[in-house]
Amino acid sequence: AEADVIRMKGEAEAKVLETKAKAYKEYGEAAVVQMIVDQLPSLAEKIAAPLSQTEKMVFVSNDGNAASAFTGDMTRIISQLPDAVEGLTGFDMREAVKHLS
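Predicted model, so just to flag it, every value in this text is computed and none were measured.

### Side note on the overall build of the protein
A tally of regular secondary structure across the protein gives five helices and zero strands. Secondary structure elements of the protein, listed N to C terminal, follow the sequence α-α-α-α-α. Relative to its length of 101 residues, the protein is extended, with a C-alpha radius of gyration of 21 Å against a globular reference of 13 Å. Of all 101 residues assigned to the protein, the portion counted as buried reaches 11%. Excluding contacts between residues fewer than 6 apart, the proportion of contacts in the protein whose partners are at least 24 apart in sequence is 50%. When the accessible surface of the protein is totalled, it reaches about 8,300 Å², and 60% of it is carbon and sulfur.

### Quick look at helix 1 (residues 2-27)
The first and last C-alpha atoms of helix 1 sit 38 Å apart over 26 residues, in line with the 38 Å expected at 1.5 Å per residue. Phi turns positive, to about 60°, at Gly28, one or two residues after helix 1.

### Some remarks on the pattern of salt bridges
In total, this model carries five salt bridges according to the counting rule given. Across the pair Arg7 and Glu11 runs a salt bridge whose closest N-O atoms are separated by 3.2 Å. Residue Arg7 and its partner Glu11 are both found in helix 1; the two are separated by four residues, about one turn of the helix. On the basis of relative accessibility, which here comes to 44%, the residue Arg7 falls in the partly exposed class. Its salt-bridge partner being Asp73, residue Arg76 comes within 2.3 Å of it at the nearest N-O pair. Of the two residues, Arg76 and Asp73 are both situated in helix 3 (residues 66-79); the distance of three residues between them amounts to about one turn of the helix.

### Observations concerning the nonpolar core
One broad rule of soluble globular proteins: the nonpolar side chains tend to lie buried together. Counting residues in each nonpolar core, the largest one holds seven residues, listed as Val33, Ile36, Leu81, Val85, Phe91, Met93 and Ala96. At the level of elements, helix 2 (29-52), helix 4 (81-89) and helix 5 (93-100) are the ones that each hand at least two residues to this core. Not counting residues up to four positions away in its chain, the partners in contact with Met93 are Ile36, Leu40, Pro82 and Val85.

Conventions used here
- Residues numbered from 1 in each chain as written.
- Predicted model: local features only at pLDDT ≥ 70, side-chain atom pairs only at ≥ 80, totals over all residues.
- Heavy atoms only, no water.
- Helix = DSSP H or I, 4+ residues; strand = E, 2+ residues; numbered from the N terminus.
- Rg over C-alpha atoms; globule rule 2.2 N^0.38 Å.
- Buried < 20%, exposed > 50% of the residue type's maximum accessible area, 1.4 Å probe, protein only.
- Contact = heavy atoms within 4.5 Å.
- Areas by Shrake-Rupley, 256 points an atom, 1.4 Å probe, with all protein chains shown as cover.
- Expected span 1.5 Å × (residues − 1).
- Salt bridge = Lys/Arg side-chain N within 4 Å of Asp/Glu carboxyl O.
- Core = buried A, V, L, I, M, F, W, Y, C linked by side-chain atoms within 4.5 Å.

Following this line, the structure appears as structure tokens:
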């Protein structure tokens, strides 16, 4: 009985993978792009997570631009996301977006 359960579970997992493979084949690169885009909020949350542990932030600046410099830093971090995704997965988000338009 236990072997049957394991076999049935394996067959169900194989069916899910087969269904995903068919969807990827049918929708091609758009499906992969959608998967990546769906993960972007989670990535942004993980990038920002260390800041949520911060009790206090002190900005020191000679010219009074420390807060805007911080905003610029955050923007630069997010702008590096496509390179990070490509480095981690090999998937070129920029190139994929070019093909969609």
